[in-house]
Amino acid sequence: MKPFLYQRPGSLAQTFDLLSEYGSSARILAGGTDLIVGLRQQSVDASVLVDIKGIGEFLPEVAFADGHFVIGATTDISRVCENEKFRATFPALVEAMETVGSVQIRNRATLVGNVCNASPAADTVPPLAIYGAMVNVGGRDGTRQVPVQEFIRGPRQTALRPGEFVLSVQLPVPNAPLGVAFARLTRRRGVDLATVNLSCSIDSVGTVRFAFGAVGPRLVLGIERSGVLADSGAPAGDRDAALANLIAATSPRTDIRGTQDYRSAMLLVLSRRILAEAAGRLDSGQP
Amino acid sequence: MIDALPVVLNINGLKYEFEVLPYRSLLDVLRDELGLTGTKECCAVGECGACTVHFDGRSINACLMLAIEADGGSVTTIEGIAPPGEMTRVQDAFLEHGAVQCGFCIPGMVMSAEYLLARNPHPTEEETREGLSGNLCRCGGYNRMLQAISSVSEESTP
């Protein structure tokens, strides 16, 4: 690794001071499972790492307040997955989190870091968007909220402005019955990037939402309100046509993990599958 | 010029105080500065698990953690998993089941197996596979490892 300085501020105020002092040459260090790899492979350049794990304001555990779950920037994925109430409320997101890396990676990697890394293949992002996650961005002048799908603007590009960093991600507890499911396709189970990943929700009035990952520079969101996807008795051809219409907004490319055609074909197969799963969860009263 | 920073670390029950450059990984320091070479380096990007150690009781990839980040914490490496000269049940079972071929992945495999069994003494085969999914064995000796872990699980009372 190229040499860099290390700072471990004890408060948010000190962190903002460091970010303004060092500017764009500073990188935030939380779990480090993407950052350290980037530094070693020299795909990331940093003259100083600001380790935010010493910040007193951050809570290590998942917090619940005012109908929202809040996951701080230093909370690792394993800790989120261990929270029983969170598991029961956001099962599809937990499934996505449990596919990230491996046990060792999840014990370090943070959910916020998975968002900030802004990979088009990030597994947690489709279900975060489906559950309506908001990113709490902190800056010297205060905090602003950005929906997760707007926060990630492209590969490795976020809505962060100079001097800002992400304090937490928050998820509203669904206030009406909702069924949500997640799927991903990889070449092997552990420590692989998604060929495609996707999540969908279905509510009791028949609105279906889809989020497709790894099939475009940004997350692709789709919504279907006609009810044909919510009606499992509708002709299969009509349902496939509605899914194909949503998938048409994606722009998969050919790379080492799959061809464009393969990705499109698998999106349809997996969309059918998670739609059935989400409908089952809605019927059973699971979110 | 970047200065070395002071670190206090408990490693395998012993207190170590040293200075470290901020861009040194925990793995580099364990192996190259402290002589604890049981922890292996292979991929150095968190994919193979050969560098698995326990940090504050949780299994992690030592290649993805800076030594300076570990300041104030406690680390258990393969050298400290059992008292000197002794082996854990997992290590014995790996030998009994012929789970060790070239041996390079084994320290990491044992650390992952110990972590799995400490949290879940009776894992299903699927849970065991998931518990080891961050560890690669290029000899392909996974089945014997699963048998070894399963034998340890069966010995303890459910």
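The shown structure was predicted, so the numbers you read here are calculated from the model rather than taken from an experiment.

Rules used in this analysis
- Residues numbered from 1 in each chain as written.
- Chains lettered and ligands numbered in written order.
- Predicted model: local features only at pLDDT ≥ 70, side-chain atom pairs only at ≥ 80, totals over all residues.
- Heavy atoms only, no water.
- Helix = DSSP H or I, 4+ residues; strand = E, 2+ residues; numbered from the N terminus.
- Buried < 20%, exposed > 50% of the residue type's maximum accessible area, 1.4 Å probe, protein only.
- Contact = heavy atoms within 4.5 Å.
- Areas by Shrake-Rupley, 256 points an atom, 1.4 Å probe, with all protein chains shown as cover.
- Lys, Arg positive; Asp, Glu negative; His and termini not counted.
- Charge placed at Lys NZ, Arg CZ, Asp CG, Glu CD.
- 1 Å grid on protein atoms, 1.4 Å probe; cavity = no way out; pocket = protein on both sides within 12 Å on 5 of 7 lines; lining within 4 Å.
- Points joined across faces, edges and corners; volume = space filled by probe spheres on them.
- Nonpolar A, V, L, I, M, F, W, Y, C, P; charged D, E, K, R; others polar.
- pLDDT = per-residue confidence, 0-100.
- Pairing = 2+ DSSP bridges.
- Axes fitted to C-alpha atoms, helices over the stretch in contact; angles between N-to-C directions.
- Domains from an automatic or database assignment.
- Buried area = accessible area lost by both parts, 1.4 Å probe.
- Salt bridge = Lys/Arg side-chain N within 4 Å of Asp/Glu carboxyl O.
- Polar contact = N/O pair within 3.5 Å; in protein donor to acceptor, adjacent residues only side chain to side chain.

Peer 1: Explain the overall build of chain B to me, please; I cannot follow it from the model alone.
Peer 2: Regarding its fold elements, chain B presents five helices and five strands. Of the regular secondary structure in chain B, the N- to C-terminal order runs β-β-α-β-β-β-α-α-α-α. When the backbone C-alpha atoms are referred to their principal axes, chain B occupies close to 55 × 30 × 25 Å. Counting every position in chain B, which comprises 158 residues, the buried fraction comes to 51%. Across chain B, contacts joining residues at least 24 apart in sequence account for 54% of those joining residues at least 6 apart. By element, 50% of the accessible surface of chain B is carried by carbon and sulfur atoms, the whole surface being about 7200 Å². Each charge class in chain B was averaged separately, 10 positive and 22 negative side chains, and the resulting centres sit 4 Å apart.

Peer 1: Please clarify how empty space enclosed by the protein should be interpreted in this entry.
Peer 2: Rolling a probe over the atoms, with the probe sized like a water molecule, indicates the empty space that remains. Residues and elements named next belong to chain A. One pass over the full model with this rule turns up two cavities of 30 Å³ or more. Together, Ser119, Pro120, Ala122, Val125, Pro126, Val148, Gln149, Ile152, Gly213, Pro217, Arg218 and Leu219 line the largest cavity. Of the residues that constitute the lining of the largest cavity, the class distribution is eight nonpolar, three polar and one charged. When its volume is computed, the second largest cavity comes out at roughly 40 Å³. Residue lining of the second largest cavity: Lys2, Leu39, Gln42, Val44, Asp45 and Ala46, and that is the complete set.

Peer 1: Hey, could you run me through the confidence of the model for chain B in this one?
Peer 2: When pLDDT is averaged across chain B, the result is 96; 99% of the residues are at 70 or more. Overall fold confidence (pTM) sits at 0.95, and the ipTM for the predicted complex is 0.97.

Peer 1: In this structure, what is going on with the sheet that holds strand S12 (residues 196-203) of chain A? I would like to understand it.
Peer 2: Residues and elements named next belong to chain A. On the basis of which strands lie adjacent, the open sheet formed by four strands has the order S11-S12-S13-S14 and antiparallel pairing. Bordering the open sheet on either side are strand S11 (178-185) and strand S14 (220-224), each of which pairs with just one other strand. Each strand of the sheet is rotated relative to its neighbour by a mean of 15 degrees, with strand direction disregarded. As paired elements, S11 and S12 share eight bridges and run antiparallel to each other. When the bridges of S12 are listed, Leu185 appears paired with Val196. Against the sheet, helix H11 (residues 260-284) makes contact with S11, S12 and strand S13 (208-213), and its axis sits at roughly 150 degrees relative to S11, the strand it touches most.

Peer 1: For this particular structure, what's the right way to read the domain arrangement of chain B?
Peer 2: Interface extent is often summarised as the accessible area lost during association of the parts. Residue and element names in this part refer to chain B. Each domain of chain B was delimited in the assignment, giving domain 1 (5-80) and domain 2 (89-155). Taking the mean C-alpha position of each, domain 1 and domain 2 sit 22 Å from one another. Domain 1 puts 17 residues into the contact, and the matching count from domain 2 is twelve residues. Where domain 1 abuts domain 2, roughly 1100 Å² becomes buried across the two surfaces, and 66% of that area is made up of carbon and sulfur atoms. Where domain 1 touches domain 2, the interface holds zero salt bridges. Linking domain 1 with domain 2 are four residue pairs in polar contact (both at pLDDT 80 or more), by the criterion used here. Contributing elements (two or more residues each) for the side of domain 1 that touches domain 2: strand S3 (52-55) and strand S4 (58-61). Considering every element that reaches the side of domain 1 that touches domain 2, the biggest residue donor is S3, with three residues.

Peer 1: Mind showing me how you'd approach the layout of surface pockets here?
Peer 2: Space inside the second largest pocket adds up to approximately 920 Å³. In terms of lining, the second largest pocket is formed by 28 residues, of which the most central are Val103 and Arg106 of chain A together with Glu127, Glu130 and Gly131 of chain B. Of all the secondary-structure elements, those providing two or more residues to the lining of the second largest pocket are helix H3 (77-82), helix H4 (84-89) and helix H6 (103-106) of chain A together with helix H3 (106-119), helix H4 (125-131) and helix H5 (142-155) of chain B. A per-element tally of the lining of the second largest pocket places H4 of chain B first, with five residues.

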